[in-house]
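Tertiary structure, described
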Amino acid sequence: MTMIPEEDWLIPFRLRTVRVLIRATALTVVFLLVALLLPHTAGDPQGPFLTIIGLAALAGIFIALTPWRRLFTTGRGLQWLYVWTAVDIVLVSAAILISGNGSSDLFYLYTLTTVFLAASFWPSGQITLMGFTAACYVGVLALNGWDITPAVLFIRLAILATLGLLASFLSRELMGQMGAHRAARDEADRRASLLATVARAARGMSSLDPERVLTAVVDCGIELGFQAANLCLFDEERETYRVAHAQGLPPTYVSSEHPWTRGMPGLVREERRTVVVDDYASHPLAIPQLASDGFKAVIASPVWSHDELVAVLVGGTREPRELTASDVEGFELLAAQAGRA
């Protein structure tokens, strides 16, 4: 089986779940020990039952000492959780079997494993382990002579299934909220980083000569995460544009003069706003040299000077990429700084 590392945001959730279940296991062992000290029916098999409790305690200690963070980071955590849950189900089944009574209240210990598997596994794993739980309990009943009615069996298994469904729903909701929070935080961090990059570039532009300003603008475009960037200046008399400065573009494109109706500059000139193209090669205004060079996601922002469109700042990647609102905002601010400079 291929080991797939957990997503970073999901690991803390897994670790909290493990810690809660370790404590629940310890508390259950204590409760069972107390139950042994209370008055009970003569002839109850205390020795074997105490052995089960001892095994549960040893398993709990082993689980508590397991390096869970490392296991989840390397993609082995879920496999260990499967083993842990299966062992717990077997121990509960053994305790019911030793009690000699299929209707024993020890059945409700299955609720712990049910909540655990519902909170820890994806639906396929939940269904598998719920099936394993039902099979173990039915096996115990068969060995004990089927001392409960089919109706009681149905109600008990239905209770477990309902509890598992509820726990699974709450777990998925919590994980969804955690994922959304992590995504929002990452987007905020990315936006702050993009704006800081643009601000740093803007501070240096005021002291540069025009040629160095062009270089600084394009270099900053690369810093924003694009594989190529260029600044295209319009020539009103010739109705063309030329690449004033570029990084990561084919030399044949940079050295040529282009009709101002073609490429991203032509699209910006037509729409008078920032434009984003997800599949550059398929766009009708694409420049052949750039399309053949493999560009996918491309963004272009107008550079204004005294309400006149004088240039277009273009950035692109050769891999498919969904440009976020923060990407667009950072690129537009950079184009605005270029216009002021």
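Here goes a summary of the coordinates provided. In this text, all values refer to a predicted model and were calculated from it rather than measured experimentally.

Describing empty space enclosed by the protein
In this structure the tally under the stated criterion is 2 cavities of 30 Å³ or more. Of the volumes computed, that of the largest cavity is approximately 280 Å³. What lines the largest cavity is a set of 19 residues, among which Thr25, Thr28, Ala56, Asp88 and Val92 lie closest to the centre. Mapped by element, the contributors of at least two residues to the lining of the largest cavity are α1 (10–37), α2 (46–65), α4 (77–99) and α5 (110–120). Tallying contributions element by element places α1 first for the lining of the largest cavity, with 6 residues. Per-class residue counts for the lining of the largest cavity are 14 nonpolar, 4 polar and 1 charged. Size it by volume and the second largest cavity reaches roughly 100 Å³. Going through the elements one at a time, β1 (228–235), α10 (263–271) and β6 (308–316) are the ones with two or more residues in the lining of the second largest cavity. Residue classes in the lining of the second largest cavity are distributed as 10 nonpolar, 4 polar and no charged.

As for unusual backbone geometry
A positive phi angle, close to 50°, is found at Trp146, a residue other than glycine. The phi dihedral of Asp307 falls on the positive side, at around 65°, and the residue is not glycine.

A word on the nonpolar core
With 24 residues, the main nonpolar core has Tyr253, Met264 and Tyr280 as its most contacted residues. Counting only elements with at least two residues in this core, the list comes to β1, β2 (240–247), α10, β4 (275–277), β5 (298–305) and β6. With near-sequence residues (within four places) excluded, Tyr253 lies in contact with Asn230, Cys232, Tyr241, Val243, His258, Ile287, Gln289 and Leu290. Val92, Phe107, Leu109 and Leu153 belong to the second largest nonpolar core, which has 23 residues in total.

Some remarks on the sheet that holds strand β3 (residues 257–259)
Strand pairing in a sheet relies on backbone hydrogen bonds, with the paired strands running either antiparallel or parallel. In spatial order, the strands read β3-β2-β1-β6-β5-β4; together these 6 strands make up an open sheet with antiparallel pairing. This sheet does not close on itself; its edge strands, each paired only once, are β3 and β4. Each strand axis lies, on average, 30° off the axis of its neighbour in the sheet, ignoring direction. In the sheet, β1 pairs with β2 via 7 bridges, with the strands oriented antiparallel. For Asn230, the partnering residue across the bridge sits in β2 and is Ala246. On the sheet, helix α12 (residues 325–340) packs against β4, β5 and β6 and is oriented at approximately 30° with respect to β5.

Topic: the pattern of salt bridges
The tally for this structure, following the rule as stated, stands at 5 salt bridges. With its nearest N and O atoms 2.5 Å apart, the salt bridge here joins Arg273 to Glu271. Here Asp327 makes a salt bridge to Arg321, at a shortest N to O gap of 3.2 Å. For Asp327, a relative accessible area of 2% corresponds to the buried category.

What about the side chain of Thr25?
Here Thr25 lies in helix α1. Here Thr25 falls in the buried class, since its relative accessible area comes to 18%. Those residues within four positions of Thr25 in sequence are excluded, and the remaining contacts are Ala56 and Trp84.

Digging into the packing of α1 against α5
Contact pair α1 / α5: the axes reach a minimum separation of 11 Å and the direction vectors enclose 175°. Viewed along their axes, α1 and α5 adopt a mutual orientation that is roughly antiparallel. Contacts between α1 and α5 involve Phe13, Arg14, Thr17, Leu21 and Thr28 from the first element and Leu112, Phe116, Ala119 and Ser120 from the second. Classifying every residue of the contact of α1 with α5 by side-chain character gives 5 nonpolar, 3 polar and 1 charged.

Here is what the cut-offs are and how they apply
- Residues numbered from 1 in each chain as written.
- Predicted model: local features only at pLDDT ≥ 70, side-chain atom pairs only at ≥ 80, totals over all residues.
- Heavy atoms only, no water.
- 1 Å grid on protein atoms, 1.4 Å probe; cavity = no way out; pocket = protein on both sides within 12 Å on 5 of 7 lines; lining within 4 Å.
- Points joined across faces, edges and corners; volume = space filled by probe spheres on them.
- Helix = DSSP H or I, 4+ residues; strand = E, 2+ residues; numbered from the N terminus.
- Nonpolar A, V, L, I, M, F, W, Y, C, P; charged D, E, K, R; others polar.
- Core = buried A, V, L, I, M, F, W, Y, C linked by side-chain atoms within 4.5 Å.
- Buried < 20%, exposed > 50% of the residue type's maximum accessible area, 1.4 Å probe, protein only.
- Contact = heavy atoms within 4.5 Å.
- Pairing = 2+ DSSP bridges.
- Axes fitted to C-alpha atoms, helices over the stretch in contact; angles between N-to-C directions.
- Salt bridge = Lys/Arg side-chain N within 4 Å of Asp/Glu carboxyl O.
- Parallel < 35°, antiparallel > 145°, perpendicular 65-115°, else oblique.

Everything listed here is a matter of coordinates, which is why it stays silent on function.
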